[in-house]
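# Overview (structure and organization)
Here's the letter readout for the chains.
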Amino acid sequence: MSGLLVAGAGSVATLAGGLRRGAAQADAAALDGGDLAVACWGGRVLAVGPAADVYRQIVAAGHSPAEFEHVDADGGLITPGLIDAHTHLIFAGTREQEWQMRAHGAGYLEVLAAGGGILSTVAATRDASDERLLSAARGRLDEMLACGTTTAEAKSGYGLDVAAELRLLRIIGQLEAEGPMRLVPTYLGAHAVPEQYRGRPDGTDEFVAEVVDRQLPQVAAQGIAEFCDVFCERGVFSANQTARILAAATSLGMRTRIHADELAPSGGAELAAGSGCLSADHLAAPSDAGVAALARAAASPNPVVATLLPATSWFLGKHHFAPARRFIDAGIPVALATDLNPGTSPTVSLPLVMSIACVEMGLSPAEALVAVTVNAAHSLGLGSEIGSIEPGRQADLVVWNVPTFEQLPYWLGTRPARTVIVGGRVVAGRA
Ligand code: NIG
Ligand code: FE
């Protein structure tokens, strides 16, 4: 039996219809009216709609409802599995002291410049055994699944030297093989300038050369990263340095996404738009030219998704959020992600991120749902596989304990997933 039938749903937000921008960002393609069902066969969606129609389509496809395992949605909402398109999943240690230093006025980049911040997590991660990193990440993945996430991008970036970065990518590969969460591995070698390059006049350029000439070729040769990412920020890696890394990654066949304009306008949005990135992330402080460049890209055949990380802005305590409404009005497709990491966003919960996006950035619940499903899928280049409930798509679904998608971000800080399904199989919650 490889069929699964989820029936008795009060509403289904299908998110069918592809990447959303502008007014369409608010279109969850929801079916309402009760007694709705989703049938899955062989790990793919077979049919969705009113139960009677779905039964007819099951029979028309040559199956019998008796071949299907049944899941009762109990009047709840069904959505596609949520997609977290920006996480720093693999790390050791915590940074609550730094968080408190910030609360007393220290700046994020000041802490980094003093050898703390990202560099303290690099030290803790290098010291941790594979087993420790694996078991910590497994715990986080379990929590993510329980919050409704079925696909997550996962970055390296707390290794910085080639052996340590390759180890982190191997660990991501092992977790992906274990399942059930689908993981998309990203190489983030240029996350910070390592200790031994600091204090040299051309230290950052020398490290960029090491990333381009030594690290990227090995990462590409091993085929263990889909994406290359860079922390493009004033005082970390400049737009020119980032451009060098992106060009090398692209020539090696990798896709690209960047941390752009998180704290100050750094030319990141312009660079992402001009260099074929699938996603520009953070964007809390883009320049006008950067917004214009993303808007032009959005109207082209190669739109760059603006992946916004409001939990980070919130946890940094600066009350300075990405101008999401401006992006939507400019026709730029918006996604949301957790940015899960021990420094600036210690959360695994996309429903919480949706809540923050609604409260602090003025997104509607529909816009936020689009941002963690179909648009997030496109930011990972997976828009034809996941992110919507349409016949032929992977059967990654969440049945929620709430009846409508408006209630998902409304119940602050709860874990409202009732049943989580990956590839047509129940992997968390009630069967
Ligand atoms: O996306 N800004 C750079 N990287 C992460 C933070 C990583 C850290 O502080 O450990 C981010 O916020
Ligand atoms: Fe990040």
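Shown above is the structure to which this text applies.
Remember, predicted model here, so these are calculated numbers, not experimental data. (Residues numbered from 1 in each chain as written. Chains lettered and ligands numbered in written order. Predicted model: local features only at pLDDT ≥ 70, side-chain atom pairs only at ≥ 80, totals over all residues. Heavy atoms only, no water.)

### Side note on the overall build of the protein chain
Scanning the protein chain from terminus to terminus reveals 15 helices and 16 strands. On C-alpha atoms alone, the protein chain measures out to a radius of gyration of 21 Å, which is about the 22 Å that the 2.2 N^0.38 rule sets for 431 residues. If one aligns the C-alpha atoms of the protein chain with their principal axes, the spans along those axes are about 70 × 45 × 45 Å. When the 431 residues of the protein chain are sorted by exposure, 59% land in the buried category. Partitioning the intrachain contacts of the protein chain with sequence separation of at least 6 by distance along the chain shows that 74% fall at a separation of at least 24. Counting every atom, the protein chain has about 15,300 Å² of accessible surface; 53% of that belongs to carbon and sulfur. If the 30 positive side-chain charges of the protein chain are averaged to one point and the 44 negative ones to another, these points end up 2 Å apart. (Helix = DSSP H or I, 4+ residues; strand = E, 2+ residues; numbered from the N terminus. Rg over C-alpha atoms; globule rule 2.2 N^0.38 Å. Buried < 20%, exposed > 50% of the residue type's maximum accessible area, 1.4 Å probe, protein only. Contact = heavy atoms within 4.5 Å. Areas by Shrake-Rupley, 256 points an atom, 1.4 Å probe, with all protein chains shown as cover. Lys, Arg positive; Asp, Glu negative; His and termini not counted. Charge placed at Lys NZ, Arg CZ, Asp CG, Glu CD.)

### Describing the coordination of the iron ion (ligand 2)
Metal coordination angles in their ideal form are 109.5 degrees for the four-donor tetrahedron and 90 or 180 degrees for the six-donor octahedron. Around the iron ion (ligand 2), the protein supplies His86 (NE2), His88 (NE2), His259 (NE2) and Asp339 (OD) as donor atoms, at distances of 2.1 to 2.2 Å. On the primary sequence, the residues serving as donors to the iron ion (ligand 2) are separated as H-x1-H-x170-H-x79-D. Here the residue histidine 86 occupies a position in the loop between strand E6 (82-84) and helix H2 (96-103), and aspartate 339 occupies one in the loop between strand E13 (334-336) and helix H13 (350-361), the gap between them amounting to 253 residues. An identical accessibility class is assigned to histidine 86 and aspartate 339; each is buried. (Donors = N, O, S within 2.8 Å, 3.2 Å for Na, K, Ca; no water.)

### Quick word on the packing of aromatic side chains
Applying the stated criterion across every chain, the model contains 6 aromatic pairs. Their ring planes at 45° and their centres at 5.2 Å tell us that tryptophan 41 and phenylalanine 68 sit as a pair that is tilted. Here phenylalanine 68 lies in strand E4 (residues 68-72) and tryptophan 41 lies in strand E2 (residues 30-41), a separation of 27 residues in the sequence. Given the relative accessible area of 23%, tryptophan 41 is considered partly exposed. Note on phenylalanine 207 and phenylalanine 237: the rings are 6.2 Å apart at their centroids and 35° apart in plane angle, and the pair reads as tilted. (Phe/Tyr/Trp six-rings, centres within 6.5 Å; stacked < 30°, edge-to-face > 60°.)

### Concerning the packing of helix H5 (residues 130-146) against helix H6 (residues 162-178)
In a packed pair of helices, the relevant descriptors are the angle between the two axes and the axis-to-axis distance. It is the contact of H5 with H6, at a shortest axis distance of 11 Å, that shows an interaxial angle of 50°. Comparing the axis directions of H5 and H6 gives the class oblique. Considering the relative orientation of H5 and H6, their crossing is right-handed. Where H5 approaches H6, its residues Asp130, Leu133, Leu134, Ala137, Arg138 and Leu141 are matched on the opposing element by Arg167, Leu168, Ile171, Gln174, Leu175 and Glu178. Its residues placed into classes, the contact of H5 with H6 shows 7 nonpolar, 1 polar and 4 charged. (Axes fitted to C-alpha atoms, helices over the stretch in contact; angles between N-to-C directions. Parallel < 35°, antiparallel > 145°, perpendicular 65-115°, else oblique. Left-handed = near helix turned anticlockwise from the far one by under 90°. Nonpolar A, V, L, I, M, F, W, Y, C, P; charged D, E, K, R; others polar.)

### Considering the site of ligand 1
If you check the shell around ligand 1, you find 16 residues, and the closest are Arg95, Tyr108, Tyr158, Glu262 and His282. Contacts to ligand 1 include histidine 191, whose side-chain N or O atom sits 2.9 Å from a nitrogen atom. For ligand 1, whose unbound accessible area comes to 330 Å², protein coverage reaches 100%. Class assignment of the residues belonging to the shell around ligand 1 gives a composition of 4 nonpolar, 9 polar and 3 charged. (Near = heavy atom within 4 Å. Polar contact = N/O pair within 3.5 Å; in protein donor to acceptor, adjacent residues only side chain to side chain.)

### Re the environment of threonine 404
For threonine 404, the position within the fold is in the loop between strand E14 (397-400) and strand E15 (417-422). Residues threonine 404 and glycine 75 lie 329 residues apart in sequence; the distance between their C-alpha atoms is 9.6 Å. Look past the residues within four positions of threonine 404 in its chain and what remains in contact with it is Ser11 and Leu77.

### What about the packing of H6 against helix H7 (residues 203-222)?
Close contact between H6 and H7 brings their axes to 10 Å; oriented N to C, the two are set at 30°. Considering their axes alone, H6 and H7 lie roughly parallel with respect to each other. Every pair of crossing elements has a handedness; the one defined by H6 and H7 is right-handed. Residues Val162, Glu165, Leu166, Leu169 and Arg170 of H6 touch H7, and the partners they reach there are Glu210, Arg214, Gln215, Gln218, Val219 and Gln222. Its residues assigned to classes, the contact of H6 with H7 shows 4 nonpolar, 3 polar and 4 charged.

### What about the sheet that holds strand E10 (residues 255-260)?
Spatially, 8 strands are ordered E6-E7-E8-E9-E10-E11-E12-E13 in an open sheet, and the strand pairing comes out parallel. If you trace the sheet from one side to the other, it starts and ends with E6 and E13, each paired once. Along the sheet, successive strands turn relative to each other by an average axial angle of 25°, direction set aside. Note: strand E12 (residues 305-308) against E13, 3 bridges, orientation parallel. From the neighbouring strand, threonine 307 faces E13, where its bridge partner is alanine 335. Along the sheet, H5 makes contact with E6, strand E7 (149-155) and strand E8 (182-190), crossing E7 at roughly 140°. Running at roughly 145° to E8, H7 makes contact with E8 and strand E9 (227-232) of the sheet. (Pairing = 2+ DSSP bridges.)

### Focus: H5
Between its terminal C-alpha atoms H5 stretches 24 Å, which fits the 24 Å expected from 17 residues at 1.5 Å a residue. Of all the positions in H5, only Leu133, Leu134, Ala137, Arg140, Leu141, Met144, Leu145 and Ala146 are classed as buried. Phi turns positive, to about 100°, at glycine 148, one or two residues after H5. (Expected span 1.5 Å × (residues − 1).)

### Some thoughts on the nonpolar core
Grouped together as the largest cluster of nonpolar side chains are 109 residues, with contacts concentrated most on Leu89, Leu308, Leu336 and Leu369. In this structure, leucine 89 is in contact with Ala137, Arg140, Leu141, Met144, Ala154, Lys155, Leu175, Leu183 and Leu340, ignoring residues within four places of it in sequence. With 17 residues, the next largest nonpolar core counts Ala9, Cys40, Ala73 and Ala395 among its residues. (Core = buried A, V, L, I, M, F, W, Y, C linked by side-chain atoms within 4.5 Å.)

### Here we look at the pattern of salt bridges
Applying the stated criterion across every chain, the model contains 20 salt bridges. Across the salt bridge formed by glutamate 98 and arginine 102, the nearest N and O atoms sit 3.0 Å from each other. Within this pair, glutamate 98 and its partner arginine 102 are both found in helix H2, separated by 4 residues, close to a single helical turn. You'll find glutamate 98 and arginine 102 in the same group, each marked buried. Among the salt bridges present, the one from lysine 155 reaches aspartate 229, with a minimum N-O distance of 2.7 Å. Here the residue lysine 155 occupies a position in strand E7, and aspartate 229 occupies one in strand E9, the gap between them amounting to 74 residues. In this structure, lysine 155 and aspartate 229 share a single accessibility class: buried. Within this structure, Glu153, Lys155, Asp229 and Arg257 form a network of salt bridges that share partners. (Salt bridge = Lys/Arg side-chain N within 4 Å of Asp/Glu carboxyl O.)

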